[in-house]
Each structure stands twice: as structure tokens, then as C-alpha cells.
Amino acid sequence: MCGIVGAFLATGPVTPVLLDGLRVLEYRGYDSAGLALADGTSQGVRVIKSEGRIANLDNRLAETPLDFDAEDLCAGIGHTRWATHGPPSDVNAHPHGGTGTRLALVHNGIIENYTELKAELQSAGVTFRSDTDSEVLAHLIERALEEAGDLVEAVRSILGRLEGYYALAVLDRHGGRNQLVCARSGPPLALCSTPGGTYLASDILALVAHSNRVVFLDDGDIGRLQANGFEIWDKDGRPAERLATTVEFNSAEAGLGHWPHFMLKEIFEQPDVLARTAFGRIAASGDDVDFEDERLGGDTLADVQRVQVIACGTALHAGQIAAYLIEGLAGIPTDVDFASEFRYRSPCLVPGTLALCISQSGETADTLAAARLAVKHGARLVSICNVDGSSQVRESEGVVLTHAGPEIGVASTKAFTAQLVSAVLLAVRLGRSRESLSREDAAEVLSELRILRSKMGSLLTKEYVEDIKHLARSHMEQTGFLFLGRGVNFPVALEGALKLKEISYMHAEGYAAGEMKHGPIALIDSGMSVFVINAAGPLAGKVRANMEQVQARGGRVVCVGSDPESLTATEEALAVPETLEWLSPILNTIPLQLFAYHVARLRGCDIDKPRNLAKSVTVE
Ligand code: F6R
């Protein structure tokens, strides 16, 4: 959350480069946007910013004649904000300056001790313009710069005073010289360099337009950008070399193409994502999974006595399904917890615990903190993650990369099903490594996984989607939604409810179908839509009984799944091809994603940028 960009070009103008970067990062926060440009005429830094979307910033730029030669504009920074301290407004928009005009700063993160620092600065006569914690940083650096003269030294001298976490970039123009410096502790920051200039961004998506070789700063690092490259120093001030990561996707893949929304595009990519994530890892024998190239060979998975799954949001739902899979296929006891809860527990982890952290971005603050706690308590860390080079990946002993490609829609879709596919692979590998899963059973799961690609395709045909649109139209005036599932499809119910509420703002709850009678059944009336997820399999009869209890009380039931009897017992149904019970969540999720999408579309919601949300939650 919050997107940061910066560029130091060999020749200007830098403004369109910064704006293009911000547009790519707008999904990280859309409360305000702004730029700071090295101003060749006034010998200072010019800040232009606006509340709201980047379109407002475009308008403001059009109204603001830059009375200096655009060709001189070769260094600048930009920011797109997800508000933490202070409401969305022009004054709270980044970049923030100090008392004078020589520098401006952009920040992602939270400075926890900003009230003390602010009070100290105020008592020294500093006047604050915004309610943000970030403005404190601009004033501190400005004062330090007066003494140090060098921006790297000035930034370094204040970092020790900060509590909290930050990715920041500062632009200084003084005496005809531009200085551009960045620093990171917590939220990500990456750099790349080309013959045309050097770039920084809080997300590699904003860098791939320039280069597919990117370098992530480590925690505590400070970087200095110049037109011909960058230098990095570690937390102790020593020059540091950081390995470059090759980004697998290109900027076209991160574009919308002909699709109306990223979410729809990403839903339709799911069959290909399954193939990319699974097929290359199925061993030639067809009865095992080969992770040898992924830091998961050797003994990382040997001797696992217990698995602790940790994640947030949609990734947590994938983790809950992973727990059923690991227990069911590998016979290893598995617990699951919200990362935000786990990080403050005193966990009693038995020897041989594998901490399995699941994250699309690999930068979720709670998941990273929980993972570190698990490691501190003796666990080995394995991650399922979509972003190579992310903090989560770099800190893990073993990694299963999901090859979902860039996920831009704030509501996670393809990353979720890729996480489920990865969990299946991991469960099979764990089962085979301890021989708790027979070769025959492993082969059955893996060959069905191959067939799943075309089964997914059958849920994305024009006719199927038309049925879902029709269903969305007839349910959009309902007062509320319940999603019910059991076993491996219980987390699918949670995910169906989350998708609907986050993009359509309709109230929706996911529940374990068997728990209904212990309270929520009181909610049932004809205004309540109840989606019952029921896959053919051992629990189908039980779920059917739960469904009948809802029907008997006048609830409006929609059955989703492959259980033939449930599908014929309801007037409204979305049939899903039959598959193995373990794999059924991958299919059952798709109609629920499409239903949420179409309800939100009918209600005129901003699907890719739902209110109050932002992708990649890098603050606590
Ligand atoms: C919901 C959604 C969020 C994320 C959660 C974790 O659609 O996307 O709930 O799943 O914020 O994010 P990652 O997976 O990046 O750790």
C-alpha cells in the first residue's frame, strides 16, 4: 500500500515517466497522488499533488504551467497514497516538503513515534502543514541536511531515531545539483538502471517497463540514484552489493488489454495459471512432485512433524484449504492462524514444525512478522508466494512460487487458485516423502490436476458466464448473503463471502454449513441468499441436510458444486464439473468469483479499486 516511484534520467522530462509509474501502482492506494520535480529555474523542488485518483493529478498538472524548461526536468519522485495518518486531502497528499523548498519526500509505512518527533520539531519552531506522520521525516532530513550537506549522510543520521517502518525516497535540489536517495526498513523498495536513467519503485510492476533486472534493497539499506546508476549502503554504512532478480513477466502482461477490469482478466487467466504453476512440477513418473530447483529439495521437507500455516485474507483461505490437504494427503497435523493473531502469540511449536506462509505479494507486514516469529521459535520457513525476490521469498528456506503473473485487481482471484494448486503439490510431496500417500493415490491427484485446466475452462464459457450474470441480476436486491460449505469447501464459502463483500459492499458471511443450526439459522428469510457449496464426495449428504434446513425456513438457496442431488433439489444452481474432493475448491471458487464480479458491476462499484482497500498491505 502506497506506491512510490522515482527516476533520475540522463535527459528529461521525467514527469511522464513518473506518471506512468504511478498509474501502474495506483492499485496500492488511491486516496491521493503527487509528484516532486527538481526545478531547474528556482533551484529547488516543485511539488504538485492532489487528493483522489491520478486523473486529478493529471488535471492539476495541466493547470500548473511548469515555468522551467521541461527538458531540464530529469529527476523526480512520485507517490500514490493509502491514508494511514490524516484523511485523504491535498495537504496530506505526498510528497511532503520541509520548511524550505530544497527537498521533498515520499513515504510508505508508519512512523510509530511520530508524535514525539513532531513535538520536538514544533518546539524548535517547525510549523507542520499536514496531519501525516511522513512530514516529520521531511523536516528531520531537511535539518540534518543543513549540517551534513550530503543527502545520504542526512538520511542515515535520522534513521536511527525512527520507530516503525518505511520505504522512502527524498529528492533534493541545491546549488544546481540534484540528489535522489531512498531507504527501506520494512516495506519493499526496488531499483533498476538502464542507459537512459535509473529508477526506483515500491513494486517491480513499475520497473518492468524499464528493465526486467531489478535489485531489492535489504532492510536498513540506503540507496543513491544518479542518471548513470545507483549505489547501495547497508545498515552499517558499508557499500553493499545486492543480487539482481530477473522479473519473469513483461509490462504488457501487467496491462488491461481489451478487458473491462483487471479482476475479470485475472479470473479468465486461471486455467493457464494452473498449467504454469503445476505442470512443470509433476515428476515424469506422474506419481510425485519435483521441487528440486526451488530450495525445497534436500531435507527442507524431511522430518516435518507439524505444519503451522500463516497468512491473511484470501491467502488465509488458501491456507485453510492447505491444512485439509496436508492432513488428508500427507497425514501431518496442521494448524492455521491469521498472521495478525499469530504474530502476538507465544506459540508452542514442537520440534519439526514447518511454518507455511502464503502470500501473493510476499510483502504483507503481518505475514512477514508472523513468519519471523515462527522462525524465532524454531520453525523452518516455507512460503507459497507469487512475487520472486519479495521479502517473504528472500527470508524463506523453501519456496513454492505461484506462476500467476502480476495480479493487479485488488480482489485476489488467480493468485488464490494458484495458491491452492501449490498447496496440492506441496501436500503430495509431503505425503510421498514420508510414504503416507501411496504412489497410486498421488498419481490420481496429479493426473486429475492436469485435467482440471479444461474443467476450469468449462466454467468460463459465454453460456456459463451469462447464467451467472442472470443470477447476479436476480440477487442484487437481496438483504444479505450466506455462503456455506463443509470440509475442504468450508474455506471456499469464506472466500465466496469475502469476494462479494469487498467489491460489491453487500453484506456477506461465510459459515461452516454444520454450524448454521447453532445460531446463524436465525437470519434465514426470503431476503437472505444462501449459497451452498457442495461437491460430490463423502460430505455431500451432510451438506445436503444442512441445505434442506435452510430451505425449510424459507431461505433462497443457490447450490454451487457437483453433487447431483443438491443441484436438482434447488431452483437456482451453478453446476461445477466433478473432480476429486481435494481439488474441488479450485473449481468451486470460480463461479463465486464471477458472481461477486457481476453483482459489483451491476451495482456500479469500482471493481479494481474497492473503497478503503489497497493491494499489498505493508502496514500493520
Ligand atoms: C482479498 C485480498 C486480501 C489478500 C491479503 C493478503 O481479495 O486480496 O485479503 O489476500 O491482504 O495479501 P497477500 O496475499 O499479498 O499476503
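Every chain is numbered independently, its residues counted from 1 as its sequence is written. Selection of residues for local features in this predicted model requires a pLDDT of at least 70, selection of side-chain atom pairs for listing and counting requires 80 or more, and totals for whole chains, interfaces and linings are taken over all residues. The side-chain quantities take in all heavy atoms of the structure and omit both hydrogens and water.

Draft legend 1. The packing of aromatic side chains, seen in detail. Ring pairs shown here join Phe, Tyr and Trp side chains whose ring centres sit within 6.5 Å, with only the six-membered ring taken for Trp; geometry is labelled stacked below 30 degrees between planes, edge-to-face above 60, and tilted in between. Tallied over the full model, the rule gives 5 aromatic pairs. The interplanar angle of 50° and the centroid separation of 4.6 Å between the aromatic rings of Phe531 and Phe595 together place this pair among those described as tilted. Linking Phe531 in strand E22 (residues 528–534) with Phe595 in helix H18 (residues 584–602), this pair joins segments that are 64 residues apart in sequence. Take Phe531 and Phe595: they sit in the same class, and that class is buried. Following the ring pairs from residue to residue traces out a cluster consisting of Phe481, Phe483, Phe531 and Phe595. Only when the NZ atom of a Lys or the CZ atom of an Arg is both within 6 Å of the ring centre and within 35 degrees of the ring normal do we say a charge sits over the ring. The residue whose ring lies beneath Lys118 is Phe128, and the NZ or CZ to ring-centre distance is 5.0 Å. The ring of Phe279 carries the charged tip of Arg450 above its face, separated from the ring centre by 5.0 Å. Helix and strand assignments follow DSSP, with helices taken as H or I runs no shorter than four residues and strands as E runs no shorter than two, numbered in order from the N terminus. Here's how the labels work: a residue is buried when its accessible area is under 20% of the maximum for its type, exposed when over 50%, partly exposed in between, all with a 1.4 Å probe on protein chains only.

Draft legend 2. Region of the structure containing the side chain of Ser396. Within the secondary structure, Ser396 sits in the loop between helix H11 (391–395) and strand E19 (398–401). Nitrogen and oxygen atoms within 3.5 Å of one another constitute a polar contact, given that in protein one can donate a hydrogen and the other can accept it, and given that sequence-neighbouring residues count only through two side-chain atoms. Here the side chain of Ser396 touches Ser383 through a polar contact of 2.7 Å, side chain to side chain. Among residues more than four places away in sequence, those in contact with Ser396 are Arg295, Leu381 and Ser383. We call two residues in contact when some of their heavy atoms are within 4.5 Å.

Draft legend 3. How the structure looks around the layout of surface pockets. Volume-wise, the largest pocket comes out at about 620 Å³. Only protein atoms enter the 1 Å grid used here, on which a cavity is any set of points holding a 1.4 Å probe that cannot leave and a pocket is any open set flanked by protein within 12 Å on both sides along at least five of seven lines; residues with an atom within 4 Å of a point are listed as lining. Forming the walls of the largest pocket are 28 residues, and the residues nearest its centre are Cys312, Gly313, Thr314, Thr364 and Val617. Sorting the residues of the lining of the largest pocket by element identifies helix H8 (313–330), helix H9 (339–342), strand E17 (353–359), helix H10 (365–376) and helix H15 (490–504) as the ones contributing at least two each. By residue number, the principal contributor to the lining of the largest pocket is H8, which donates 5 residues. Gly falls in the polar group here, along with every residue not listed as nonpolar (Ala, Val, Leu, Ile, Met, Phe, Trp, Tyr, Cys, Pro) or charged (Asp, Glu, Lys, Arg). By residue class, the composition of the lining of the largest pocket is 12 nonpolar, 12 polar and 4 charged. Two domains share the lining of the largest pocket, each providing at least three of its residues, namely domain 2 (259–458) and domain 3 (460–620). Grid points are joined across faces, edges and corners, and a volume is the space filled by probe spheres set on the points. Where each domain starts and ends follows an automatic or database-derived domain assignment.

Draft legend 4. Quick peek at the side chain of Lys615. Residue placement: Lys615 occurs in the segment after H18. Lys615 gets classed as buried once you look at its relative accessible area, which sits at 6%. Separated by 2.8 Å, the side chain of Lys615 and the backbone oxygen of Gly409 make a polar contact. Polar side-chain contacts of Lys615 include one of 3.4 Å to the backbone oxygen of Val410. Among all residues touching Lys615, those that are not within four sequence positions of it are Met1, Tyr27, Arg28, Gln360, Glu407, Ile408, Gly409, Val410, Ala411 and Ser412.

Draft legend 5. Representation of unusual backbone geometry. In the segment running from Gly12 into Pro13, the intervening peptide bond is cis, with an omega of 0°. Mapped onto the elements of the fold, Pro13 is located in the loop between strand E1 (3–9) and helix H1 (15–25). Omega for the peptide link from His94 to Pro95 comes to 0°, which places this bond in the cis form. With respect to the helices and strands, the residue Pro95 is situated in the loop between strand E4 (75–81) and strand E5 (96–97). The backbone phi angle of Tyr505 is positive, close to 65°, even though this residue is not glycine. Note that Tyr505 resides in the loop between H15 and strand E21 (508–512).

Draft legend 6. Highlighting the domain arrangement of the chain. On domain assignment, one finds that the chain holds domain 1 (3–251), domain 2 (259–458) and domain 3 (460–620). Contacts between domain 1 and domain 3 engage 14 residues on the former and 11 residues on the latter. Across the domain 1/domain 3 interface, buried area totals approximately 1100 Å², and carbon plus sulfur atoms make up 56% of it. For the domain 1 face of the interface with domain 3, the top three residues by lost area are Tyr27, Tyr30 and Trp82, together amounting to 46%. Throughout this description, the term salt bridge denotes a Lys or Arg side-chain nitrogen within 4 Å of a carboxyl oxygen of Asp or Glu. Glu26 is paired through a salt bridge with Lys609; the nearest N and O atoms lie 3.8 Å apart. Linking domain 1 with domain 3 are 8 residue pairs in polar contact (both at pLDDT 80 or more), by the criterion used here. No other element matches strand E6 (residues 103–111), which puts 3 residues into the side of domain 1 that touches domain 3. Each residue belonging to the side of domain 1 that touches domain 3 can be placed in one class, and the counts come to 7 nonpolar, 4 polar and 3 charged. Take the accessible area each of two parts loses on contact, using a 1.4 Å probe, and add the two losses: that sum is the buried area.

Draft legend 7. Quick look at the pairing of E22. For E22, a buried count of 7 out of 7 residues is recorded, marking the element as mostly surrounded by other parts of the structure. A two-sided burial pattern is seen for E22, the buried positions comprising Met528, Val530, Val532 and Asn534 on one face and Ser529, Phe531 and Ile533 on the other. In terms of strand pairing, strand E20 (residues 480–485) meets E22 through 5 bridges, oriented parallel. Across the sheet, Phe481 pairs through a bridge with Ser529, a residue of E22. The parallel pair E22 and strand E23 (residues 556–561), bridged by helix H16 (residues 540–552), forms a crossover whose chirality is right-handed. The rule for pairing is simple: two strands pair if DSSP sees at least two bridges between them. When the strands point away from the viewer, a crossover counts as right-handed if the route from the first strand across the helix to the second turns clockwise.

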